[in-house]
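Each chain, letter by letter, is given below.
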Amino acid sequence: MFMIQPIQNYNVPKRQIGFRGNLNKSLCQDVWAGETLKQGVAIRLKMLADTFEKTLAASNFKRKDLTIVGSMANYNYGKASDIDLHLVTDFSEYPADRKFLTDYFNSKRDMFNYTNSFNIFGHPVEVSVEDAASKTYSKGRYSLMSDEWIKKPVFDEKLELPDVTSSQTYLDLKKSLDECLAKNDFKSITPLFQQIYALRQSGLAQGGEFSMGNSIFRQLRNEGYLKKLIDLSYNALNNLISLK
């Protein structure tokens, strides 16, 4: 298993075309009317957030905000980009440590998003819980609770997005994923997940939303690798426990 090196060590070519489509001159008009969130979209996203919150089984859950972040709140979306929907809460208000809460909410997120396939005009919706105190890297953030931009994205026609498929990090990681899936190597699932998410967090911390690390994460997710790993994990668990 290869080790991920710091992103800045790679001399990666860049281009002005994103890994999932062009850098667009307007927000996605499937969701937005100009820069205003369409009412029908807002209603359905709020319904979805309410449905997800019920699965948290936390009677004391306190929603501070409900936000859209990521490429669908920016100009670097594609035809099938996810809508990242975040239920914002303050972890410090709960009688549990931050790591426990993070693991708990992430497990609820993964289960909900894996077992459901909600979409808005072809855009899958991924719902998660966000700590209000966490550092955010999204260039755009829209509040559905106040129906206004918290952080309005700025179009920059000179923005250079990483050419992910030319990155050796991406190629090495993809090779490891293909080998894991081909061999049904369930022992590699957790290390691969850890490497992918560590790569994303490192990228976000160093270069933000458009960093190479985050772009590689999104490319792999868009290619279905994360779902394939989850499928392999569930299949491995079922085979381990089941008697035939």
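Details of the structure are given in the entry above.
Quick summary incoming for the structure in this document. Fair warning: this is a prediction, and the values are worked out from it, not measured in the lab. Note that residues are indexed from 1 along each chain, following the sequence as it is written. Predicted model: local features are reported for residues with pLDDT of at least 70 only, side-chain atom pairs are reported and counted for 80 or more only, and whole-chain, interface and lining totals are derived from all residues. By convention in this description, side-chain values take in all heavy atoms of the structure and omit both hydrogens and water.

Side note on a nonpolar patch on the surface
A residue counts toward a patch only above 30% relative accessible area and without a salt bridge, and it is joined to like-charged neighbours within 9 Å or, for Val, Leu, Ile, Met, Phe, Trp and Tyr, to nonpolar neighbours within 5 Å. Accessibility throughout is a Shrake-Rupley quantity obtained with a 1.4 Å probe, and a residue counts as covered only by protein chains that appear here. What counts as a salt bridge is simple: a side-chain nitrogen of Lys or Arg found within 4 Å of a carboxyl oxygen of Asp or Glu. Judged by side-chain polarity, L237, L240 and I241 come together as a nonpolar surface patch covering roughly 350 Å² of accessible area. Residue classification places I241 among the exposed residues on the basis of a relative accessible area of 61%. With a 1.4 Å probe rolled over the protein chains alone, any residue whose accessible area is under 20% of its type maximum counts as buried; one over 50% counts as exposed, and the rest are partly exposed.

Focus: helix α2 (residues 98-115)
Under the scheme used here, helices are H or I runs from DSSP no shorter than 4 residues and strands are E runs no shorter than 2 residues, and both carry numbers assigned from the N terminus. Helix span is expected to be 1.5 Å times the residue number reduced by one. In this model, α2 (18 residues) spans 26 Å end to end at C-alpha, consistent with the 26 Å of a helix rising 1.5 Å per residue. Buried within α2 are the following residues: L101, F105, R109, F112 and N113. All buried residues of α2 project into a common sector of 90 degrees when viewed along the axis, lining one side. Exposed positions of α2 whose direction lies more than 90 degrees from the buried face are K99 and T115. A contact between two residues is defined here by any heavy atoms of the two lying within 4.5 Å. On its buried face, α2 is in contact with α1 (39-55) and β9 (123-131). Each direction from the helix axis to a C-beta atom contributes to the arc, which is the arc of those directions.

Regarding the side chain of N113
Summarising the element assignment, N113 is placed in helix α2. Within the structure, the side chain of N113 is placed 2.9 Å from the backbone oxygen of V127, a separation counted as a polar contact. When neighbours within four sequence positions are excluded, N113 is seen to be in contact with V125, E126 and V127. What qualifies as a polar contact is a pair of N or O atoms within 3.5 Å, subject to a donor-acceptor requirement within protein and to the restriction that residues adjacent in sequence count only when both atoms come from side chains.

Here we look at the pattern of salt bridges
This model, assessed by the stated rule, comprises twelve salt bridges. Through salt bridges with shared partners, a single ionic network connects D50, E53 and R63.

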